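Here are the chains, one letter per residue:
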Amino acid sequence: MRDYIAPILLSFCAFNMANAGQVEVLHYWTSGGEAAALDVLKAQMTADGHEWLDFKVEGGGGGNANAELQDHVLRGDPPTAALIKGLDIQRWARLGFLANLDELAQNQNWANLLPNEVANVMQHNGQYVAVPVNVHRVNWLWANKSILDKLNIVAPKTWSEFDQAAEKIRAAGYQVIAQGDQDWQHATLFETIALSVGGPRFYKDAFVDHIFNTKNNKIMAQVFERYYKVLSYADLSWVDEWPDATANVIKGEAAFQVMGDWAKGEFTNANKQPNQDYFCLPVPETQNMFLFNIDSFAMFNLKKSSSEDQLAQQALARNIMGEPFQKAFNLTKGSIPVRTDMSMASFDFCSQYSMSEFLTASEQQTLLPSIAHGMATTGTVQGYFLERLGELTRTPLEPDRAAKELTKAIRYGQYIIR
Ligand code: GAL
């Protein structure tokens, strides 16, 4: 190190040391793409002089994160921040565990930066209690381009085109659709089919408002019919974890995967380019529709912590909403930024496409919350839905009966008080 730089660095470190705090961050971002994206935040916090304590819980889609969190909070040892989404934020806020972020929100002008759909999820009783990281789109079909090219298949826009493609792919000896055998992955596929087959109105009735009548029950049976048909092209014994299913598509062993655009993080991490190596296609018959999944960090009350740790928590929240983080993180994670004032010029085709679909869907009221990812309903209803759907996937019933069983599970979830 050159002599004249050392004193400057030393005084910089001394300043930072004096303000250095710790942040303990609970998350479940363990795949290659997810971990690379989170590294952006870790690096920013470290550059600010703070210490990052990684509270990593294994399991895609949330896995055991909630149970771990509950355990820590009830022992009086909450993390600084936790990856919590949707209605779960309300639950923690209602119980009084979350910090009020209004001052920061005002300083950073969140009200003018966030779309209403995002701001609403971050607030409890009009106060900000969580910071949004991104917007993921769930209704994507990922496709290996070289398999489609080799078999002369045009990217399917409808289910009948999908079926024709599937037959060709199967006959050529490839796996048609990669799908890990986990309830939340099945729910991810199922909800996109529900949106496609039933349309936005049915989707909202079933998964947000839980309105079931004769018409909706009939539609639910049609959804199951299509769901079972798509599953007939999958081999659930192949993989369990979603990044392994994505890897099958990346390696050219499987042609398709239905997954939110965190899957794009895996393609990016493997140096693959959209439209050269793979396609991001809306799930058939969901063009202009957008099932959203917003990742966010809820900030916990740190009443017993040092003022340095409280400053570090503020820095964490401030960094997350900052433009540099929103850009670098979302480029890596596969999602789009939550800020409406950012240029999408340096983003790839899939992100730009996602943003334009988000804006169209928001205008046309086809922007809907994902039930598989905790945006649409309470954790209790979601839990019963996931569990029953998992059973109906592994042990299929006639579509009519399956529809009745799933509806019953949703209803049951509504009656349970927790
Ligand atoms: C989602 C989460 C994403 C992604 C995915 C797989 O629920 O919102 O950020 O990580 O699970 O773990």
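Structure: above.
Thresholds applied
Residues numbered from 1 in each chain as written. Predicted model: local features only at pLDDT ≥ 70, side-chain atom pairs only at ≥ 80, totals over all residues. Heavy atoms only, no water. Helix = DSSP H or I, 4+ residues; strand = E, 2+ residues; numbered from the N terminus. Rg over C-alpha atoms; globule rule 2.2 N^0.38 Å. Buried < 20%, exposed > 50% of the residue type's maximum accessible area, 1.4 Å probe, protein only. Contact = heavy atoms within 4.5 Å. Areas by Shrake-Rupley, 256 points an atom, 1.4 Å probe, with all protein chains shown as cover. Lys, Arg positive; Asp, Glu negative; His and termini not counted. Charge placed at Lys NZ, Arg CZ, Asp CG, Glu CD. Pairing = 2+ DSSP bridges. Axes fitted to C-alpha atoms, helices over the stretch in contact; angles between N-to-C directions. Core = buried A, V, L, I, M, F, W, Y, C linked by side-chain atoms within 4.5 Å. Parallel < 35°, antiparallel > 145°, perpendicular 65-115°, else oblique. Left-handed = near helix turned anticlockwise from the far one by under 90°. Nonpolar A, V, L, I, M, F, W, Y, C, P; charged D, E, K, R; others polar. Near = heavy atom within 4 Å. Polar contact = N/O pair within 3.5 Å; in protein donor to acceptor, adjacent residues only side chain to side chain. Salt bridge = Lys/Arg side-chain N within 4 Å of Asp/Glu carboxyl O. Phe/Tyr/Trp six-rings, centres within 6.5 Å; stacked < 30°, edge-to-face > 60°. Lys NZ or Arg CZ within 6 Å of the ring centre and 35° of its normal. Disulfide = S-S within 2.5 Å.

Turning next to the overall build of the protein. Across its full length, the protein holds 18 helices and 12 strands. Relative to the 2.2 N^0.38 estimate, which gives 22 Å for 418 residues, the radius of gyration of the protein is 22 Å and therefore close to what a compact globule would have. Each principal axis of the C-alpha atoms in the protein carries an extent, and together these give about 70 × 50 × 40 Å. Out of the 418 residues belonging to the protein, those deemed buried represent 55%. When contacts within the protein are restricted to residue pairs at least 6 apart in sequence, those whose partners lie at least 24 apart make up 77%. Of the roughly 17,900 Å² of accessible surface on the protein, 50% is carried by carbon and sulfur atoms. Across the protein, the mean location of the 35 positive side-chain charges is 5 Å away from that of the 47 negative side-chain charges.

Attention now goes to the sheet that holds strand β10 (residues 278–282). Ordered in space as β8-β9-β7-β10, the four strands form an open sheet in which the pairing is mixed. Whereas interior strands pair on both sides, the edge strands pair on one side only; in this sheet they are β8 (175–177) and β10. Between one strand and the next, the sheet's axes are offset by a mean angle of 20°, whatever the strand orientation. Two elements, strand β7 (residues 140–144) and β10, share five bridges in a ladder whose sense is antiparallel.

Further remarks concern the nonpolar core. When a protein is soluble and globular, its nonpolar side chains tend to lie buried together. With 74 residues, the main nonpolar core has Phe-162, Phe-190, Phe-207, Met-220, Phe-224, Phe-256 and Phe-385 as its most contacted residues. At 11 residues, helix α10 (residues 183–209) tops the list of elements feeding residues into this core. Grouped together as the second largest cluster of nonpolar side chains are 65 residues, Val-40, Phe-55, Val-73 and Ala-312 included.

The next subject is the packing of helix α11 (residues 214–231) against helix α17 (residues 379–394). Direction vectors running N to C along α11 and α17 enclose 55°, while the axes themselves pass 11 Å from each other. The angle between the axes of α11 and α17 places the two elements in the oblique class. For the pair α11 and α17, the crossing hand works out as right-handed. Across the interface between the two elements, Phe-224, Tyr-227, Tyr-228 and Leu-231 of α11 pack against Leu-389, Leu-392 and Thr-393 of α17. Here the contact of α11 with α17 is composed, by residue class, of six nonpolar, one polar and no charged.

The next point concerns the environment of Ile-211. Its location among the elements puts Ile-211 in the loop between α10 and α11. Between the alpha carbons of Ile-211 and Arg-388 there is a distance of 18 Å; along the sequence they are 177 residues apart. Not counting the four nearest positions on each side in its chain, Ile-211 is found in contact with Asp-205, Ala-206 and Asn-216.

Surveying the vicinity of the ligand reveals 13 residues, the closest of which are Glu-34, Lys-85, Asp-295, Lys-333 and His-373. Within the contact set of the ligand, an oxygen atom lies 2.7 Å away from a side-chain nitrogen or oxygen of Lys-85. One of the side-chain N or O atoms of His-373 is found 2.8 Å from an oxygen atom in the ligand. Class assignment of the residues belonging to the shell around the ligand gives a composition of four nonpolar, five polar and four charged.

Moving on: the pattern of salt bridges. With the rule as written, the count across this model stands at 19 salt bridges. Between Arg-75 and Asp-71 there is a salt bridge, with its nearest N and O atoms 3.1 Å apart. With a relative accessible area of 53%, Arg-75 lands in the exposed category. Residue Glu-323 is joined to Arg-339 by a salt bridge in which the shortest nitrogen-to-oxygen separation is 4.0 Å. Taken as a pair, Glu-323 in helix α15 (residues 323–333) and Arg-339 in the loop between α15 and α16 (349–364) lie far apart in primary sequence, 16 residues in all. Taken together, the shared-partner salt bridges in this structure form one network comprising Arg-388, Glu-391, Glu-405 and Lys-408.

With that settled, the discussion passes to the packing of aromatic side chains. Given two aromatic rings, one states the distance between the centres and the angle between the planes to describe the pair. With the rule as written, the count across this model stands at 25 aromatic pairs. Where Phe-267 meets Tyr-278, the ring centres are 4.1 Å apart and the plane angle is 20°; that geometry is what we call stacked. With Phe-267 in helix α13 (residues 262–269) and Tyr-278 in strand β10, the pair connects residues that are 11 residues apart, well separated along the chain. One exposure class covers both Phe-267 and Tyr-278, and it is buried. Taking the centre distance of 5.1 Å and the plane angle of 75° together, the rings of Tyr-384 and Tyr-412 count as edge-to-face. Here Tyr-384 is found in helix α17, whereas its partner Tyr-412 is found in helix α18 (residues 399–415), with 28 residues between them in sequence. Taking the relative accessible area as the measure of exposure, Tyr-384 reaches 22% and is therefore partly exposed. Judged by relative accessible area, which is 46%, Tyr-412 ranks as partly exposed. Arg-91 extends its terminal NZ or CZ atom over the ring of Trp-92, reaching a point 5.5 Å from the ring centre. Over the face of the ring belonging to Trp-140 we find Arg-137, whose NZ or CZ atom lies 4.6 Å from the ring centre.

Attention now moves to the state of the cysteines. Disulfides are covalent bonds that connect the sulfur atoms of two cysteines. In this structure the tally under the stated criterion is one disulfide. Across a sulfur-sulfur distance of 2.2 Å, Cys-280 and Cys-350 are joined as a disulfide pair. A torsion of -100° about the S-S bond marks the disulfide between Cys-280 and Cys-350 as left-handed. Of this pair, Cys-280 sits in strand β10 while Cys-350 sits in helix α16; the two residues are 70 residues apart in sequence, bridging distant segments of the chain. Comparing Cys-280 with Cys-350, the two get one shared label, buried.

This brings us to unusual backbone geometry. In this structure, Glu-285 is a non-glycine residue whose phi angle is positive, near 65°. Checked against the element boundaries, Glu-285 lands in the loop between β10 and β11 (290–299). Residue Glu-285 is classed as partly exposed on the basis of its relative accessible area of 33%. Phi at Asn-288 takes a positive value of approximately 70°, unusual for a residue other than glycine.

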